[in-house]
Amino acid sequence: MTVINAKAASVRFENVSKVYGAKVTAVDNINLEVAAGTLVTLLGPSGCGKTTTLRMIAGLEMATKGRIFIGDKDVTKLPATDRDVSMVFQSYALFPHMTVMENVGYGLKFSGFDKAEARSKALAGLELVGLTGYGDRLPSELSGGQQQRVAVARALVLEPQVLLFDEPLSNLDAKLRRQVREEIRDIQKTLGLTVVYVTHDQEEALAVSDEIVVMRNAAIAQKGTPRDLYEAPADAFVADFIGEANLIPVEITALDGDIATVRIADYTHRLPSRGLSQGPAKLAVRPSRMRLVAGSGDGVVAVIDKATYVGSRMEYTVTAAFGTVFAVLDDVVTPFRVGDGVTISFAASGPVLIPADQAS
Amino acid sequence: MRTISLERTTHPDLIFWITAGWIGYCLLPWYGVEKFWSLEWLLEGWPFDADFAPAAMLIATGQKLWLAPMVLALIAPLAVLGRRKSDPWFARVLILAGGFGFSWLVAQGLGIGLRGFNADWLTALFGPLEDRQFGMGYGAMITASAFLFLFTQGIAARGAVNGDVFVTAAIGGVIAVVTIFVFFPIAKMLLAAFATDDGGYSILGFFPKLFDYRIWGLGCLTGGRCGVAWNSLVLAIAVGVLTTLLGLAFALVLTRSGFRYKRLLRALSVLPIITPPFVIGLAIILLFGLSGTVTTSVAAFLGVETSRWIYGMPGVLIAQVLAFTPIAFLVLIGVVEGVSPSMEEAAQTLRANRWQTFRTVSWPLMRPGLANAFLLGFIESMADFGNPLVLGGNFDLLSTEIFFAIVGAQYDQSRAAILAMVLLGFTLGAFYLQRFWLGKKSYTTVTGKGDSGVHPPMPRGLAIPVYVVVALWSTFTVVVYGMILYGSVVQLWGVDDTLTFKHYITAFRIEWGENGLRWTGSAWSSFWTTILIATLAAPLTAAIGLITAYLLTRQSFAGKRAFEFGTMLSFAIPGTVIGVAYILAFNVPPIEITGTGLILVISFIFRNMPVGVRAGIASMSQLDKSLDESSLTLGANSWQTFRAVILPLLRPAILAALVYSFVRAMTAISAVIFLVSARYDMATSYIIGRVENNDYGLAIAYSTALIFVMLAAVGLLQVLVGRTRIGRRTSHAEGH
């Protein structure tokens, strides 16, 4: 039985820039390391340079400056054909005039496999994505999810050193998206593939990644494990982009070692200072880490503006002196009502301080 | 595991071209040999006879020593064979060797001709040369190609176009052939615009000739006659608009209606394209001329005098629209089919009704096709020669004026050249207007996603006029062809209406003699020549056209605009001018091919290439680029991608290019009439000869036979190329 193996290799960017024409800088001097066998996500809003970065790994764009390594090899000048990298496109880019089998076998044809070998590899690839028996169909005869899997199989069977995904789930419906992303993650883990994955969907990024690289304005804003980024965002941009965050203006009134005392209106809260000094700062609080208590108490006085029942929990928009915040509570049995007066406080862990000046 | 081409130390492409260079230099006859393919030269003194000797042998015997330096350029590449492509010396040596070899070959070819040095300053510099040389032959041609492709491989190794050998070679190759067979002859001819009567050159004489009232006069607004430039412009715009609209109507009926006899309609609309142009002109005279069938019956019915109204603008307009609508149709059918059904379906689900869908989605998406169709109609009309000659009367047009300036009593090369410049100005103006209109919008509609939609039928408000137009035009076409068919079987048109096959028998008699089959009909010789030339020219034209289209749409490189301009140039120039330019350029060394079949093939390739380019561009701009990119990331190189992904998806464009170039090679007249020789006579020039002898019966019979041959050929090509299976349903019946 033919099996698909991985020849996973690392990817390294050294001071890579990409400039289009004379002055449009798509990627500005980034350094990046993707360890072999891991799944790294490039995450960011559109136009942040994540797709350009991916295409530079593929060899579809050539770096203007800097060097790119796959494994230990400098591939900076190699065209796509010569790099041992495959890519799954957002549009899937299945060849409409070829059957599923021909599509999956396409790359094998150019990689020096003999016919029988190529066929058994292609079959193994189709089996891996659960499409055994679909070989004779045309892409137009498949559903969106099936087309997507053909695209994955087509890239996988080449056993590339690096597998690239360009927003692979954006054309799928939500339910399928969860299923396919789990399949991708499973295959990646089972085969030990190196995968670089581009998305603008933070939930998708959190779910599949070993490491996430958040990009903004052609540069890397922060990189780290999903938990790092979620729980300790470096700045307001990352805090807001990775999951929702309430950004509350605060004043650091005292520092005690690495514990800061912050004042919000007339409420004080103690939490790690993360190297910030006294003065204005921002407190990033996830909606689920907000605490709301009826009536007045120890905290900031506020009023419920909107209350939404979403089945498993309640979502509230709350207005206080410092502005409007968004809170999620698990108590659906005795919800607050619009106009109720509440007191806001924060969970012991979760809220983090971030610098005030870096407004996004 | 992929082998990385940059690290290989064996280079099959390089070995191939080095070998080719050596074969061209050491084995093949360097100078042109008549009847090369009979291989008689092998027995008649090769390799020692100076007429057949390869370059190496000439030098060894002490002749043509100026060919010797090229041997350096052949030796140098051997030194880098074992090196890696990424080695800087690899690129350096190939660029130097290829560049030097090619330039030397060109320089010696242009510098030394039939009477020693071609230019006085060369004689002054080196002293008079006793020796001389003739036109280059296969040896020189193959060596030159080898130098060119060594050079492009060197450029590729330097990292141009991402180090892509196929793309750089394609760019280099197309630039070289376009320069040699388009720019060179045109430059030679335009130089003639500055020529004075005494053989010198003058700029002063140029401007009065350019602003001559015979060209730019506006007398027709006040009842007089207008200049030829205005006549041509008005006619070309009218023809461009009418052919585009008619072509679109046919394309719409074929793709967006439940019409049953689509195949019949398709065949009917393609008929005029397989007809020699003057034949439509003749048929129109038979119908609408002074004693034409329609004219006389209408005059009798209404009781008015018959008139010569058809001679002039109306006649030329009708004939050209008849002749060029199929071209617009062939361009538009691919585009109309290519509009993604899901976009139209999307519009319908967005509460657009059929008419709104058509107006806001289908029509804008067809814009590249419409612009291309108009451009082709405009240029074809500008360049057409046959119809104005037959039907123009006093209505002078640029193309005919050029012809008369050269062949007429005036024999004024410089006037011809100036008229050609005006004509070129118009066609290039149209070209840039089209670019402006299309702007930078993306018209990509075939994406990598499978598309399972169905084209919606036309809105009713559009369908009815479209049906009416198509029905009327089809009837008209049938009548015109009926006249042609009928004309070929009557004894003498308008005088003796007895039915007879004698014209066919005179032209195509076959006899059983003592030596087996004998082709005794008078037409056979030109017939077989025509078939041979057309068969050679069609695939070459399609190949060059589509490769050029691929380069223009899919690759970016320095000088792309100039490149595009160059490939379109030959199309903008009427065949008459091309014919004269070829005679001027290729009658003397270094390329001496007048009187051969080769010059006919070449003139067809470069005359018809732009159609392949346009059709290719229109279809290719509808293929999403991610298809190419995914093929590249899957390890196919750009040649493999071109062959396995692009070509199969371009079948309609390939078919259009093949059909068009084959048919044009069989029906063209304007350039051909200058280039034919006794040995290589073409069907059209033979027919024109018969027309001049008032032998209309034979002329029409031969034309009819040609039409049937081309019909068969078109059908055969359609079967050979086949349909692209991309799984789009075409029927409206399903699911309704």
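These numbers were taken from a predicted model, which means no experiment stands behind them.

Draft legend 1. Highlighting the overall build of chain A. A tally of helices and strands in chain A yields eight helices and 20 strands. Taking the principal axes of its C-alpha atoms as reference, chain A extends roughly 75 × 45 × 35 Å. Burial analysis of chain A (360 residues in total) assigns 46% to the buried set. Across chain A, every contact between residues at least 6 apart in sequence was considered, and the portion connecting residues at least 24 apart equals 67%.

Draft legend 2. Just helix α12 (residues 277-288) of chain B, in detail. Residue and element names in this part refer to chain B. The terminal C-alpha atoms of α12, which comprises twelve residues, lie 17 Å apart, in line with the 16 Å expected from a rise of 1.5 Å per residue. The buried count for α12 comes to eleven of twelve residues, which makes it a mostly enclosed element. Within the span of α12, buried status applies to Pro277, Phe278, Val279, Ile280, Gly281, Leu282, Ala283, Ile284, Ile285, Leu286 and Phe288. Elements in contact with the buried residues of α12: α13 (293-302), α14 (313-338), α18 (386-391), α21 (460-488), α29 (651-667) and α32 (696-721).

Draft legend 3. Local environment of the packing of helix α6 (residues 138-157) of chain B against helix α7 (residues 165-191) of chain B. Residue and element names in this part refer to chain B. Contact pair α6 / α7: the axes reach a minimum separation of 8 Å and the direction vectors enclose 135°. Of the possible angle classes, the one that applies to α6 and α7 is oblique. Crossing geometry of α6 relative to α7 is assigned as right-handed. Residues Leu148, Phe149, Phe151, Thr152, Gln153, Ile155 and Ala156 of α6 form the contact with α7, whose own contacting residues are Val165, Thr168, Ala169, Gly172, Gly173 and Ala176.

Draft legend 4. Region of the structure containing the pairing of strand β11 (residues 246-256) of chain A. Residues and elements named next belong to chain A. Sheet analysis places β11 next to strand β14 (residues 279-285), joined by seven bridges and oriented antiparallel. Paired with Asn246 across the strands is Val285, a residue of β14. Direction of pairing for β11 relative to strand β12 (residues 259-264): antiparallel, over a ladder of five bridges. Looking at β12, one finds that Glu251 is bridged to Arg263. Counting the residues that bridge the hairpin from β11 to β12 gives two residues, and of these Gly257 lies at a positive phi of roughly 65°.

Draft legend 5. Expanded view of the sheet that holds β14 of chain A. Residues and elements named next belong to chain A. The antiparallel open sheet is built from five strands, whose spatial order is β13-β12-β11-β14-β20. Lying at the two open borders of the sheet, with one neighbouring strand each, are β13 (267-272) and β20 (352-355). Here the average twist between neighbouring strands, direction ignored, is 45°. In the sheet, β12 pairs with β13 via six bridges, with the strands oriented antiparallel. Looking at β13, one finds that Ala260 is bridged to Leu271.

Draft legend 6. Region of the structure containing the sheet that holds strand β10 (residues 219-224) of chain A. All names here are of chain A. With mixed pairing, six strands are arranged side by side in an open sheet as β6-β7-β8-β3-β9-β10. Both outer strands of the open sheet, β6 (85-88) and β10, are each paired with one neighbouring strand and no more. Sheet twist, expressed as the mean angle between neighbouring strand axes with direction ignored, is 20°. Pairing between strand β9 (residues 211-216) and β10: five bridges, direction antiparallel. Within β10, the position partnered with Val213 by the bridge is Lys223.

Draft legend 7. Local environment of the confidence of the model for chain B. Residues and elements named next belong to chain B. Of all residues in chain B, 90% have pLDDT values of 70 or greater, and the mean over the chain is 80. Between the elements of chain B, mean pLDDT differs from a low of 69, seen in helix α15 (residues 341-349), to a high of 90, seen in α6. Of the regions scoring below 50 in pLDDT, residues 728-736 engages in eight contacts with residues more than four places distant in sequence or in other chains. Among the prediction metrics, the complex's ipTM stands at 0.76, with pTM recorded as 0.75.

Draft legend 8. Region of the structure containing the environment of Pro287 of chain A. Residue and element names in this part refer to chain A. Positionally, Pro287 belongs in the loop between β14 and β15 (290-294). A residue is classified by how many C-beta atoms lie within 10 Å of it, and Pro287, with 17 of them, is partly exposed. Counting along the chain gives 93 residues from Pro287 to Thr194, while the straight-line C-alpha distance between them is 34 Å. Discounting chain neighbours no more than four positions away, the residues touching Pro287 are Glu244, Asn246, Phe326, Ala327 and Val328.

About the cut-offs
- Residues numbered from 1 in each chain as written.
- Chains lettered and ligands numbered in written order.
- Predicted model: local features only at pLDDT ≥ 70, side-chain atom pairs only at ≥ 80, totals over all residues.
- Helix = DSSP H or I, 4+ residues; strand = E, 2+ residues; numbered from the N terminus.
- Buried ≥ 20, exposed ≤ 12 C-beta atoms within 10 Å, placed from the backbone.
- Contact = placed C-beta atoms within 7 Å.
- Expected span 1.5 Å × (residues − 1).
- Axes fitted to C-alpha atoms, helices over the stretch in contact; angles between N-to-C directions.
- Parallel < 35°, antiparallel > 145°, perpendicular 65-115°, else oblique.
- Left-handed = near helix turned anticlockwise from the far one by under 90°.
- Pairing = 2+ DSSP bridges.
- pLDDT = per-residue confidence, 0-100.

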